[in-house]
Structure formats: C-alpha cells, structure tokens
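# Inside the fold
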Amino acid sequence: MNRELEYMFVERARVWIPDAEEVWKSAELTKDYKNDDASLQLMLEDGTNIEHKLDPKTKNLPYLRNPDILVGENDLTALSYLHEPAVLHNLKVRFMDSKLIYTYCGIVLVAINPYETLQIYGTDIIHAYSGQNMGDMDPHIFAVAEEAYKQMARDERNQSIIVSGESGAGKTVSAKYAMRYFATVSGSASEANVEEKVLASNPIMEAIGNAKTTRNDNSSRFGKYIEIGFDNRYRIIGANMRTYLLEKSRVVFQADEERNYHVFYQLCASSHLPEFKNLRLSSANNFLYTRQGRSPVIDGVDDTKELCTTRNAFTLLGINESYQMGLFQVLAAILHLGNVEIKDRDSDSSIIAPNNSHLTAFCELVGVTYQDMSQWLCHRKLKTANETYIKTLPRLQATNNRDALSKHIYAKLFNWIVGHVNKALITNIKQHSFIGVLDIYGFETFEINSFEQFCINYANEKLQQQFNMHVFKLEQEEYMREQIPWTLIDFYDNQPCINLIEAKMGILDLLDEECKMPRGSDDTWAQKLYNTHLKTCSLFEKPRMSNRAFIIQHFADKVEYQCDGFLEKNKDTVNEEQINVLKASKKFDLLVELFQDGEKATSPTGQVAGTGGRTRLSIKPDKSRETSSKEHKKTVGCQFRNSLQMLMGTLNATTPHYVRCIKPNDFKLGFTFDPKRAVQQLRACGVLETIRISAAGFPSRWTYQEFFSRYRVLMKQKDVLLDKKLTCRNVLEKLVEDQDKYQFGKTKIFFRAGQVAYLEKLRADKLRVACIRIQKTIRCWLARKKYLRKRSAAITIQRFTRGYQARCLAKFMRRTQAATTIQKYQRMCMERKRYKQKQAAALAMQTILRGYIARLKYQALLREHKMVIIQKIVRGWLARCWYKRCLYSIVYLQCCFRRMKARRELKKLKIEARSVEHFKKLNKGMENKIMQLQRKIDAQSKDNLLVVEKLHSLETSSTAEKEKMRNELNRLRGVDEEAKTKTKQVSSLQEELERLRKELSTTQQEKKTIEDWAQTYRSEMEKMVSELKDQNGLLKKDKDDLNRSIQEQSQQMTEKMARVIAEETQQLETDLNEERSRYQNLLTEQRRLEEKYDDLKERTLASNISKPGHRRTDSTHSSNESEYTYNSEYAELEEGSRAAEDVTRGIDTSLTLKLQKRLTELEQEKQSLRNELENKEDQFQRARARDDVEFKKARGAELEYESLKRQELESENKKLKHNLAEMRQSLLGDAATNSGAPGSPAYKVLLDQLNSSCEELDVRKEEVLILRSQLVSQKEAMHHKETMTEPSVYVVDVSKLKDADEIKQAYVGLKDTNRLLEHQLQTQRRGHDNEVEALRGELQNVKEENNRQQQLLAQNLQLPPEARIEASLQHEITRLTNENLELMADDPTASREARVIILRRMVDLMEQLEKQDRTIRKLKKQLKVYSKRIGEMGAGQTEGQTSPGQMVDEPIHPVNIPRREKDFQGMLEYKKEDELKLVKNLILELKPRGVAVNLIPGLPAYVLFMCLRHADYVNDDQKVRTLLTSTINSIKKILKKRGDDFETVSFWLSNTCRFLHCLKQYSGDEAFMKHNTSRQNEHTLSNFDLAEYRQVISDLAIQIYQQLIKCMENILQPMIVSGMLEHETIQGVSGVKPTGLRKRTSSIADEGTYTLDSILRQLSAFHSTMCQHGTDPELIKQVVKQQFYIIGAVTLNNLLLRKDMCSWSKGMQIRYNVSQLEEWLRDKGLMMCGAKETLEPLIQAAQLLQVKKKTDEDAEAICSMCLALTTAQIVKVLNLYTPVNEFEERVSVSFIRTIQTRLRDRCESPQLLMDTKMIYPVTFPFNPSSLALETIQIPGSLNLGFLTRV
C-alpha cells in the first residue's frame, strides 16, 4: 500500500481539496509526498500555490483525480476513484461540456434537468433504443424503459420505474417519456388506441395536479403510481393510476411567485369563449385563489391552448362534453367561493352581505339556495348527547370554514377525475403483466416545513430503505455469481428513522391520538413528542429557541418541522352541514355524484377495481374502508401510511428501476450547474450511497479478454500464454503486490477502487518510454533525410546553371541566322504580291467585258426560242379541243344505245322471275341441288377472285396513268397561260428594245468618260483601302477581344445554365423519388390494412365458425366489376363483412364503416338490378312471342327472294364479266391508236369519267353491302338463336353475298359510264348521305362480328360436342359484356339500360340450354339425310366414326379450317377445374431452393404467362381474370405465410417482375416490342389489353420488394453494430476502453459475436440468391443500395448514441470496414449502383473522428468536409469524442461553439438520427427476355402434367 501511495502521490499528481464555494477544487502536487510529511504542497488551476495541511491524527490524504481519459464516463461506477468529487466532476463535465443530461450510477439513472428543449426524444431515438442492452447505448430514460420492458418479457416478472427528485428536477417529464416509450414500442392489443389514452392522461393530470412553484413552472403537487398493463404478447391493454397526498392547501393559498393549479388559469384565460359565458369568469387577477402568488402568467405557456389540449384529452378518454362543462362549472364555483367576503358582525359572529355577487354565482353554478349556503358559511351545528344547537363563527373561523369547503370540493373533483381516467384506461382483455411508473416527490426541506413536507420525507425514507436493500442485493448476487469471497458491507440503515415516524407511539401515532382529543392542539402534541422521543431517540431533537417545532435526522439531512397546523391538516375536517347543502342540489347531478359516500367515491389513495380478468397483486386494502363511517374517521396521516404500505408492497413484488432527477440550479437557467445544489441532491437521492457501497467492494470489473487487450503492453513475450486467465493472473501478481486489491472471478477480474488508475499509470509510463524511443529514431531519420535533400539540391542547382548558360549562347546564334532568312523571304513576298495584284486587275476587266457581250447574245436567242414554243402550244390546244368535242358526242351515242338494250333485257328478266311456274321449277328438287350449287359457288368464287385481281391491277394502272395525265394537263394549262402573257409582252419588249438601243449609244459615249474617271478613282480607292485595312486590323483585334470576352461570358452562362439545369433536374428527381416514396408508402399502408383485415376476418370467422351454411356471391355483381378489383377478394369482403356484423369490439371504426358502406351499395345495386330484370323479363317474353310469329311469316318469303336473287346475280355476273373485258380492251385499243397516246385528251376525259363512276360505284357498293349484310346477319343471328344446327345456310349466304358484291360492283361500274345514270346516282347520294355514314359504322361492326363468328366456329369444330355449347355461351357472354362496356364508355347515362339488356340476353342464353335436348332430337332425324350428301363429298367413310354432334357441326365451317401445327406455339392449356391445382403446385407448394438450382430462372412466371396466353387466344375473359386474380392472391398468401424467408421473398420478387415484363413484352405495344424477335412478336396477346393488371402486378412487386427489404433488414440488423463498430477488424488499433462500461448483467443476452466477415458473407449470400433466382440486374442494384443504406444508417445512429465508440481509433476501424464494403461492391460490379453514396454520412463521421479539432482552419475544413452530416450530428460527434489514450486530447467547448457558428446558416432538418426505416422508391425497368416461349420445357417435378402444350 505504501509503495502505491508513493507511486501515486508524486509531483504533478492531481487531487481534490474541499472548497466553500465550489464544494471541491482541483489541485496539483508540486512536490512528492513522503510518509513523514505533515502537509502537501499544491498548486491550484489558477496558478496559486498553497499548502494543504493533513489531519495529524488520521493522516488522511486528499482524494486523487481520475485520469482525463476516464472523465465523462457513462457510468459513475466505472470511474477508477469512486468518491464524491469524482462523481460531481464527471456529472458537471457531461452536463456542461458534452450537453449530456443522463448518466448511469450503477442501477440508477441520474437525470439533470437542462431547462431547455432537447431533440433527443423523437420516435427515431425510441426505435434506436428498442431492443438494445442497457449498457450498449448512451444513458437515456429510454434505455431504462427498454430494460424494464425487456426484463418483463424475459423474466415474466412485473417491473417498476421509480422516478424521484426535488420539485423542478424533471420527474414528471421523465415519467411521461417513459410512458411514451412503452406506448410507442409495444403498441396496443386492441384497436381502442389504449396507448394514446395512457399518454392523454398526462395533460389532464398536469392541469388538475400541477402548479407553478418557485423552483418549477410545472411542479407535480401529488404523487402518482401508474400501472401500465400488458397482455401475453406484451402489448399495452390498459393502465391504472393511484395518487398520493394531493396538496389541497394550494387551492386556497399560494406563496409569492407561485400559482394555483393550472386548470384555474386555463379557465380564466378562456373565459371569452361562448361556452364559458355562463361561468361568469374573468381575469385570474380578479379572484383571490389565483392572485395571491402575484404571478398569474408563465413565460412561454399559452393557457388557452393548454385548455384545448386538456379538453381534447378528456374527449379521448371518454368524458363527454356535458361532463366536461360540469367539471369546469365546479372549478368556476370554487373561484367564486374564494371571493365571497365575510365581514364581522361582532366579536363572536360574522355575516355575508345579502346580495354578494360571487356567492350568488356560486349558488347558481352548484344549484343550491343562497340562504342555506350563506347561513352555514357563518354558522356551525354542534351536537351533544341530548340536544343540537347552532353556533355562530367569528370571521376568521368562517373564512377558514370557507377555505376548507373549497379544498374539500377540489379534492373530491380530483378523485372523481382520477376515477374516470382509470375507467377509461381499463380494458376487458386479461392482463398478463405490468410496468409501474412511480412519479413521487423527492426529499424536501424549506425554511418553514409543515405536515406536507413531513409526509413527503417519510415516503422518501421508505423508498430509500427499499433502494438500499436492492443495491445491496444486486452487489451480493454479482459476487456470488463470480464465486469470489463476499464480506458484509456496512451501509446506512434508516430503519430507526422509519420507526420513529410510524412505529407504535411514533410521531404519526401520537398525532392521531392528539386529533381524537376534544381539546387537542399543536402545542400539547409537541409536548408529547418531547416527552416521548427527546431522550430515547438520537434522531429526534428539539430546537433551542422554539417549543412548537421538532427536528428529525433524515438519511439526507436534518429537517426542522413547525407544529402549527399539523392537527388541522391531519384531521382534514369540513362542516357537514355545508356538504349536506351541496348534496341537496337538484340541478347539478355531477356535484351530487362527487359527494356520494366513501364507498362509491374514489379516495385519494384508493384503487379502481379492475374488470375483465385484470391480474392484481395480492395486496388487499383495509376492510375498514368498506364502511363509510369508519372511512370518514380516518386521518390523513393514517390514510397516507396505509397507501404507502401498499405502494411498498407493490414495489417489493416487482423489479425496480431507479431514475434520480437532479435540479442543476434554482434559477431555471439552461445548462447552468450549481455544485452546491447538486451535491445536496446527490446526497439526498442516494446516488452517493450507491457509490459508497460500490467503492467498499470491487467497483472495477474487467473480463479476462478486455484486461489482456488493454494491458498487453505491460507483458513480456514470455508472460503471454495460451490460457488468457492464467496470463492475467501471473501479470497481476507481478504488478500489484497486495492481493486484496483484486479478486479473480469466473469470467471477470474485480479491482478495488484506484487500482485501474494505478494500472493506467503504469501503462502510460511504458507507452511514454516507447514514444520517446520512436521519436528519437524518427528525428534521426528526418535529419539525415534533410541533409541528403540539401546536398542533392546543390548539385541540381549547379547542373541547371551551366545548362542555362549553354542554352543562351545557342539561342543567340539561332536568332542571327533566323533574322537573315526572314529578310530574304520578306522581300520576295513583297515583289510577288505587287505582281499578282496587277495580274488580277487585268483579268477582272477582261472577264467583265466578255460576260457582258455573251449575255446580250443569250437574251436574243432566248426570246426567239420562247416565241416558237408559244406558237406550238396554241396550235396543239386548238386541235385537242376539236378532238374532245367529237369524242364526247360518240361516247354519248353509244351510252344511249346500250342503255336502251339493257332496259329491255332487264324487263324480260323481271317478268320471267315473277312467274309462279318458274319459281316452282326452280324450287323443284332444291334439296338435291344444294351440294351442286355449293360447288358452283366455289368455282364462281375462284373466278370472281381472279376477276377482282385483274380489275384491281387495271384500276391501279389506270389510276397511275390518270394521275400522270392530270399532272401533264395542269402543266400545259400553265404553259398556255404563260404563253398568253408572253404574247402581250412581245410588243412592249420590242418597244423597250428600240429604246435600249438608243440608250446603248449614249452609254458607250459615257463609258469613255467613266473609264477615265474610274482610273483616277481607283488610285484614290487604293489609298483608302490601305487605310481601311489598317482600321480593319484594329477592328479585328477589338473583335477578337470582344469575341474572347463573349466566349468567356457564354461559357460562364453555359456553366451557370448547366448548374441550374442540374439543380432543377436534381430537384425533379427528388420530387419524383418523393412521389414514388409516397406512393409506395401508400402501398405499404394498404398492405398493412389488408393484413389487419385478414386478421380481423380470421378472428371473425373463428368466432362464427359454428354457423353453418354458405352465402353465394351474386354473379351479376361479379361480372360487372372492373379489372382493378378481384372477384374473390370482393366475395371474401362481402362474406367477411356479413360475418362481422355483430362484432363491435376490436375492429377499426374507419375500416368497419368502409366495409358497411360498400356492402350497402352492393346490396342496393343488386336489388335494383333484380327489380329491373324482372320487369324486363316480362316485356321480353311478350316481345319475343310477337317476334316469333312475325319471323315465321317472313322466313318463307325471304328464302324465296334469296333464291331468285341468287339466280339473277349468276346470270348478270356472266354478262357483266364479258362486257367489262370488252370495255377495257376497247379502251386500251383506242388509247393505242390516238395520236396523244396515254396522255391524249380523249383518253384523259374517258379516264376521268371512269374514276368518277368508280367513286360512285364504291358508294353504292357500300350501301348495298351494308344493307344486305345487316339484313342477312340479323336474320341469321335470329335463326342461330332458334337452332344452332343450321349454320350452313348462314355461311352459304355469306359466301354468295361476297360473290354478289363482286358482280354488283362490275355491273354498276359498266352502267355508271352512262351519264344519265351518273346523274341519278348523284341525286340519290345526296339524299342518303346521313344514312350511309351511319351504315358504314354498322358495316364495320358487322364485319368484325362476322370474323369473330368464323373464328368461333373454327374453334368450336375442334371441341367435343359437350364443350361446344359452353364455348358458344361463353362467347355470347363475352360479346354482350364488351357491348355493355362500349355503351358505358360512349354514353354513361345509358349504362343502366345496357345492364338490363345484358341481363335479358343472359336469361335468353340460359333458356337456350333448356332447348338443347329438343334440338338434338331434331338433329338426329336430319342426320340420315345429310349423311348421304356428306358421303358424296368424300366424307362418307368417316360416318361410323363420328358422333352425331360432330356430323352436324362439320358443315358449319365452310371456310378454311386451320391445321394444328406440330410446332409448340408457346401456350399452355388447362381446364377450368385445374386452376386451383395449377396455383397450388406452381405457387403455394413450390420450393424456391430446388427451382433456383435446377430450373431456369423465372420458370413459374413463364408458365403462368403461357397459360394466360392460351386464355387470351381462346378469348376467355373470365379465365384471364380468374387466373390473374388467383395468381396475385396466392403470391400474397405465400408471402404472408413465409414472409420471413429471404429465399421465398426473393424468388417471388424475381418471378413477379418477370411476369410483369412478359405482360409488357407481349402486350403488342411497340415501345415494348423493339427487342423482340419475329417469332416473339407472333406470340403477342391478341384479345385483351392488360394494362390495368400490369399496374396491379407492379404494385404487388413493390409490396414484395418492401417485404424483401424488411426481411433483409431483420437478418442484417443484429450483425451491423457488432460487425461495423464493436469488432476489431484491425487487431490492436483501438483496443478496449480503459475501464469499459459497467453493463448490467441482466441486460446482456447470450448472443454470438458478429464480425465484418459475417456481414460480407451475408451480403454475398443475398446477392447469390437473387442472381440464382434471375432477379433483374437493375433491381439487384436497388436492393444493394438499400442494404448499404441500412448498414450506414444503423452504424451512424449507434455511433451517435454511444460515447465509447467516438474515438480516433474507432474512426480508423470504421474507415477500414467501409473500404471492405467498397471492395465487395467492386468485386460484384456494383460500384455504380449508388450504394457507396449511401455510406457517405458514415465515412464523413469517421473522418470527423480522425481530423484535427483545434484551430479555426480545422473548423473550416470540417465544415467543408462534412456536407452529408447535419449540424446536430456534427456537434453530437464532437461532444461525444472521447480519448482512449492519454496522448489524445478532448474537443474544447470553444471549438464546438465555433463549429456551431459556422454551420448556423445551414437549412436542414434538426433530426439527429438517420431514418433506418426509410426505403428508397423502387422502379422496375423493362427487361425483355430473349427466351423463346416455345422452347420452354416443364419438368415433371412441378406436377403440372395436366397442362397441355398448344
């Protein structure tokens, strides 16, 4: 021991000495201490030298200071020297320098009130502390709350958080934040928002129980214990509150600078509101109860807004508006009662004025009579054994009587509110466990201490005893766990003080006894105390100068109590007659409820009974409470003692956690520390007692690994063994001689106080010697390096000097030679230039003269040539005019003659066709000629096709020729017009020519004079040109300068615009990402609501599982839904909604209202459709019966007409073909013989007539085709509905209709050559324009319908007979649905009528099913007749092999039947009943691991898309819809079931994206088909546009992506902190902190240690899994970016919340870890994905830990470097920076202030932590697949054998 003292108390050692002002002052030894010295030579921090004398008896040395590296520790027990000055200094440094208000002291959290608002209580901070061990993060109230929550869940034991401290220390705020933490982390077990109600109770209790005092603006004037209940899943289900010792005297009296309870001032501030007019309130200065403290306003507090908050809290807790107004009415009545003035009537009586306005207001508010209340305020009823009489009261007693009534009313009101708050917080869910939060007053001592302070200090004595026992117990458990010798530690036991207060004949017992005496008084009670305890108890004293006070020695300090008022306050009496008057109120029910008997009213210490199975502790109240009379006799002290015993029983049954709040100063100044006040509170709250207990044992604890890592430098190589425990034992035995200074446990080494500092000094000395040796070697190396550098520099200078001289000589010689050469070439250049100028002038003159002569000749020749052309054109035009007139006459004669012959022939044919005999002959044997006619029609169709092709080619050639002729004619017309104008100009030109000739002669004469003048002018010009050249040179120079400046400006503008554009682009990208984030957040919320709905539905179904039956969904409703909705989901929704009608609890109100609203709308729509259906069915039946009769009558005539028309068209077809051929030949012949050839006028006129005829022909053809096609399609459609066995007639008519159209086209084309017929057709056209436009649209629809019908017939032929009917019905339903959608799109008002039409048609189709049996019988009869004819066509050999249905259906399809190709078309066919099996095998039961390894990536997506293609190919919209819906729901189901499996989520993210890409790639959209092959383009979807479903699947992909990120985050989260921060990747760089954190053993779970390699392996596993699943590369980049963001955010957040991690060496570790992550990105080729940028904040934080932090230049460098960090983050890192070795220095406060000043102008969020829940908006870039669908093979392992390749 002496050796250690001599080693520690040496020169420059630092110690603590007592000081009157600062409590403890630091000093430094100027001389070594020796054992015989009587004093120490010290030097204070200000440089003053003093001599500190030692006590000659004890020779106690002053306390040693801890090393600087230990100052600012998170845990006070981690300090090497544990004593009062070390604790005080550590708290001061953390509070003043680092702005840290929380510090651990073993199991106690010390919280210092900053008197400022700090941004450390946000939701991000809560999530950061959630799930963390208590010692892992910086001290915080959230860490204590998390520890309590974790122990409750782990140990299955109830917890308590005890918050204590002086008034103004922040107890209420700490308790509030603890409850907020529980509410945020746990959530609630029901949808009743219990956690919000728990938090809402705070503003209510603050309003009615908090007040302003001299020490605190929001001081709690009552104690409360809140039990927060949890279910078996540890979610909040309710709460219960107990209150203790409300300070009722504050209602009637407040000291200076204090206020009454907040609610009174809130009411007065809101008196102007309309609802408060009847309360008759005004300013708070107008009422006695609110103006006594003369401080009615609190700075920064708006009482009006606070009342709004209070009222909202009342509403949230279920206290309705009427009750609230009743409460405010009672409070206003109390204020008015305080203003009632009582006057003296005589010395023994008093009186109230008859019309006192305040008493009148009081009586009106509470509903009592003025006379009764005024009487009993001034009188009192006395009862004796035989009689009762009324006694008057003097004014003073009457005033006290009035104040007692006010206090009593307020106490009752307070209890009533507490009771109703508890009722609102109680739930019917069974309570599994609870966490109690105790917010109770701390130890109080004032100048005048009364009954309230006595009770408060009594409660603190009990709590201190419980605290001491708990600390002692934990210390003992720790030593026993480590199996080290345990000796009993002496600690202060305050049980004698407690006995003095509560034992028999104690202070409370004597007080209650005195209260029962008839004439008991405070003086007699004081005398009893003196007589009983003054000589028997050392803790009880009597003041020297007073006989009405006593002193008690509490654990914290001595307190003197004044006996005045003790009895009155203990009795708490009130005039019973006044209470009876209030009870008799008939107008105010709330007042009567307040003053019910004790068994119904909530007592101040009572507990509201729980309901619904709430678990309670086995602490039962006194049975005497059951009787109201006994309850009324209990004194306040007795009640308080009982409630305190209940509280202590509750605390002893739970695991306690302690929060000690410290008030740093009495002036409420922000971050101002008063050491005196702090030491008083530290002594009073038990913190120093904890330190003393810890210091008495082994306060410093190290694991063997930590000790070995820290003190490896003190070991020699031979001392290091494989067994670390044995190594540490050997080293300690050498370093520390006294073995009592340490103990070896199972896992730790325990040190006495001061031993760690001794070891640190040894380590620092050895490192200092090593540093000196390193410095010596480096300085030698630097000096030698400097000498060699100087020598090399001298040699270099000599070499360069000599070289420079040689270069100067060579340069002179070169310049001389160059000057001679320049002169030579300059002279030559001048002579050559002069010669070239003369040559150029001569050539220019010759050129001008020759050109002038040539132009004259050319103009003469040009005029002559144009005159010849004009003559030629005029003569040709006259000849053509004559020819056209002749040709027109000839053609007109031919047309008239041919028309006459055609009319005669047509008349004969019509007469012949109308003859009955002819019709009979034609009809005779019609059945035998059907097949022959069919063959003839086929032949004629082929001929017609050839004719059409020839006609088309001729029309094309004629059109081209016609266009050519038209262009030539236009050109000739233009030439003709030009010739006419030129002719007119000839004469004028001749006159002009003569005039010009005359002018020419005069010009020649003038020319000579001009040439002479020009010669002189040229000479002058040359001079001027030379001058201009000089000026031009100057201007060019100026121009170059200007251009240069303009270019620079333009470059600057370009750069500026580029920056502006870049900023705008960045802003747009930011806005886009924010929009995507909001959209994806909405999807996340949607998914959460869907999961909530599924849970509710399962719960509802479980509750109603016994109800039998099945409710079917309306088919009409499901068929009318849009593609955005899913039938199955709405069916489930409707079923779930009906099943949940009677479930009113536990369901979200908004969700229930939405479901009910949707259900009501669906039911109303369904009922209206049913009513309309019934009405339309009746109308349809009547109309159909009428249509059947008319149809039967018209059918015969139509058939006759069609047969006659067919024969007529056949004959006309032959004639017209012949005439058409002759006409074209004659046209070609005439064109060949004409002199004009194809461009002759006659040929052109004929072509014009032919074109106009063709145009009219088209119009007439369309009219005939439209009318005929519409008529035939309608008739055949009607016939198709009646019987589906005769479609051959329809097909034959269509074929003949095509032939008839061609014949009609040729026939009309010939007739239109007749001009008369042209006139008639034009007249008809004008009359039918409107009709034609309408018919054209119908024609197009009919054509499309015809094509679809033909495709349907072709497909039906390939189906079995049973499936044909279903296919026909399905097709008809699809067609009607499409028509309905088109009608709704065109005319929304007609949508309802369209629905009715669809329903009617659907009914019609259902009736057709009933007619199938009759139709089949009829078909069997006709089978024999048709089988013979089929045999003649070559199909007789298959007669015995085909079914009747097939034989009837074969003639349906006369068009070309496509053969089934052998090649795979990339489609998969499945039956409707196999859809569930497909979804089950391909989605629900598929194992991703096997698929990813053995099959091609994205195989399920390809299979689903191929099935979808087939459904699209067969035009089955119902199949498409159900397949997509089942796929989406199944993927959601599998993700909900296995959402925690990364492989499953990644697999389905990849397949969902591939399915989405397939829908785009094969959608037919050109934007998505650019990269397709021709074969892939053939596989596009043909019938359905699935753009809306693509959006739905894209949303599903976003949800899967978010689920993947969540799953990935859950896997990475436990690894990040350990791997990135805690693990030493570079061994020996950071080492271990000097003493480490003293973690709570119960907080540390047995978890594996993760390293950086673990993170890299996990990232590689993620990457390889996604690559195996075929995830898009762009999507992988986004996932990796999100992974790195999570790593960076979690690491930075923990760095900001862990002081032990903010050091220089840790910054190096972080930078190395980040470089390893970047290397991983480089290996995977992901450097450009943006992941590196997400780590920028972490990189800058690591750089901030390593840079210099001293000068202003360092501050400027930090500000320019840390752009990705916010100001709060930079300041936090600087505040947390902690040196690990003595060679490092702390960051000064002035430097931090400099940083804050420089960063003041930054516009950024004040948020400290990064949002770890933030997910970057995801995009799915289109990634087409090169895989051909027809090449995909389905393995048998998928069990998809029921799929058929098509």
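Residues numbered from 1 in each chain as written. Predicted model: local features only at pLDDT ≥ 70, side-chain atom pairs only at ≥ 80, totals over all residues. Heavy atoms only, no water.

## A look at the overall build of the chain
- Helix and strand content of the chain: 54 helices and 26 strands.
- When each of the 1846 residues of the chain is scored for burial, the buried share is 45%.
- When contacts within the chain are restricted to residue pairs at least 6 apart in sequence, long-range pairs at least 24 apart make up 74% of them.
- Carbon together with sulfur atoms contributes 53% to the accessible area of the chain, which is approximately 99,600 Å² in total. (Helix = DSSP H or I, 4+ residues; strand = E, 2+ residues; numbered from the N terminus. Buried < 20%, exposed > 50% of the residue type's maximum accessible area, 1.4 Å probe, protein only. Contact = heavy atoms within 4.5 Å. Areas by Shrake-Rupley, 256 points an atom, 1.4 Å probe, with all protein chains shown as cover.)

## Looking at the pattern of salt bridges
- Applying the stated criterion across every chain, the model contains 48 salt bridges.
- Two residues, arginine 311 and glutamate 275, come together in a salt bridge whose shortest N-O distance is 3.0 Å. Placement of the pair is arginine 311 in helix α9 (residues 303-316) and glutamate 275 in the loop between α7 (262-269) and α8 (288-291), with a sequence separation of 36 residues.
- Judged by its relative accessible area of 15%, arginine 311 is buried.
- As a salt-bridge pair, arginine 966 and glutamate 963 come within 3.0 Å of each other at their nearest N and O atoms. A residue pair is termed a helical-turn pair when its members lie 3 or 4 positions apart in one helix, as arginine 966 and glutamate 963 do in helix α29 (residues 926-1103) at three residues.
- Arginine 966 gets classed as partly exposed once you look at its relative accessible area, which sits at 31%. (Salt bridge = Lys/Arg side-chain N within 4 Å of Asp/Glu carboxyl O.)

## Side note on a negative patch on the surface
- Side chains of Asp1565, Glu1566, Asp1585 and Glu1588 sit close together on the surface and give a patch of like negative charge.
- Mapped onto the elements, glutamate 1566 comes out in the loop between α44 (1542-1561) and α45 (1574-1578).
- Judged by relative accessible area, which is 66%, glutamate 1566 ranks as exposed. (Patch = residues over 30% accessible without salt bridge, like charges linked within 9 Å, V, L, I, M, F, W, Y side chains within 5 Å. Lys, Arg positive; Asp, Glu negative; His and termini not counted. Charge placed at Lys NZ, Arg CZ, Asp CG, Glu CD.)

## Regarding the packing of aromatic side chains
- Evaluated as defined, the whole model comprises 36 aromatic pairs.
- Arranged with centres 5.1 Å apart and planes meeting at 10°, the rings of tyrosine 261 and tyrosine 410 form a pair that is stacked. Taken as a pair, tyrosine 261 in the loop between β12 (236-244) and α7 and tyrosine 410 in helix α13 (residues 395-425) lie far apart in primary sequence, 149 residues in all. Each member of the pair, tyrosine 261 as well as tyrosine 410, carries the same accessibility label: buried.
- For the ring pair phenylalanine 1542 and phenylalanine 1662, a centre distance of 4.3 Å and an interplane angle of 40° mean the geometry is tilted. Of the two residues, phenylalanine 1542 is situated in helix α44 and phenylalanine 1662 in helix α47 (residues 1652-1668); the sequence distance between them amounts to 120 residues. Each member of the pair, phenylalanine 1542 as well as phenylalanine 1662, carries the same accessibility label: buried.
- The structure contains a cluster of three or more aromatic residues connected by ring pairs, namely Tyr121, Phe142, Tyr149, Tyr177, Tyr181, Phe182 and Phe230. (Phe/Tyr/Trp six-rings, centres within 6.5 Å; stacked < 30°, edge-to-face > 60°.)

## What to know about the sheet that holds strand β18 (residues 540-541)
- As summarised here, the arrangement of the three strands in space is β18-β19-β20, forming an open sheet in which the pairing is antiparallel. Edge positions in the sheet fall to β18 and β20 (558-562), since each has one partner strand and no second.
- Here strand β19 (residues 549-553) pairs with β20 via five bridges, running antiparallel. Across the sheet, residue phenylalanine 550 finds its bridge partner in β20, namely tyrosine 561.
- Set on the sheet, helix α17 (residues 522-533) makes contact with β18 and β19; between it and β19 the angle comes to about 40°. (Pairing = 2+ DSSP bridges. Axes fitted to C-alpha atoms, helices over the stretch in contact; angles between N-to-C directions.)

## Some points on the confidence of the model for the chain
- Per-chain confidence: the chain averages 78 in pLDDT, with 74% of residues scoring 70 or above.
- Below pLDDT 50 for its whole length, residues 597-632 participates in 61 contacts with residues either more than four positions away or in separate chains.
- Confidence over residues 1230-1239 falls short of pLDDT 50; this stretch has 11 contacts with residues more than four positions distant or in other chains. (pLDDT = per-residue confidence, 0-100.)

## Here we look at the side chain of glutamate 166
- Tracing the sequence through the fold places glutamate 166 in the loop between β8 (159-165) and α5 (171-186).
- Here arginine 677 takes part through its side chain, which lies 2.5 Å from a polar atom of the side chain of glutamate 166.
- Not counting chain neighbours up to four residues away, the residues in contact with glutamate 166 comprise Lys171, Arg215, Gly442, Phe443, Cys661, Lys663, Arg677 and Gln681. (Polar contact = N/O pair within 3.5 Å; in protein donor to acceptor, adjacent residues only side chain to side chain.)

## Observations concerning the packing of α7 against α9
- Packing of α7 against α9 leaves a shortest axis separation of 8 Å and a crossing angle of 110°. Our classification of the angle between α7 and α9 gives roughly perpendicular. Every residue of α9 that contacts α7 at Tyr265, Gln266, Leu267 and Ala269 is listed here: Asp303, Thr304, Glu306, Leu307 and Thr310.
- Residues that form the contact of α7 with α9 fall into these classes: four nonpolar, three polar and two charged. (Parallel < 35°, antiparallel > 145°, perpendicular 65-115°, else oblique. Nonpolar A, V, L, I, M, F, W, Y, C, P; charged D, E, K, R; others polar.)

## Description of the nonpolar core
- Residues Phe182, Phe362, Met373, Tyr410, Trp525, Phe550 and Leu582 are the most contacted members of the largest nonpolar core, which totals 315 residues.
- At 18 residues, the largest contribution of residues to this core is made by helix α46 (residues 1587-1622).
- Beyond its immediate sequence surroundings of up to four residues, phenylalanine 550 is in contact with Ile507, Trp525, Leu529, Tyr530, Phe540, Glu541, Pro543, Val559, Glu560, Tyr561, Cys563 and Phe566.
- By size, the runner-up hydrophobic cluster in this structure holds 34 residues, among which are Leu64, Trp702, Tyr704 and Ile749. (Core = buried A, V, L, I, M, F, W, Y, C linked by side-chain atoms within 4.5 Å.)

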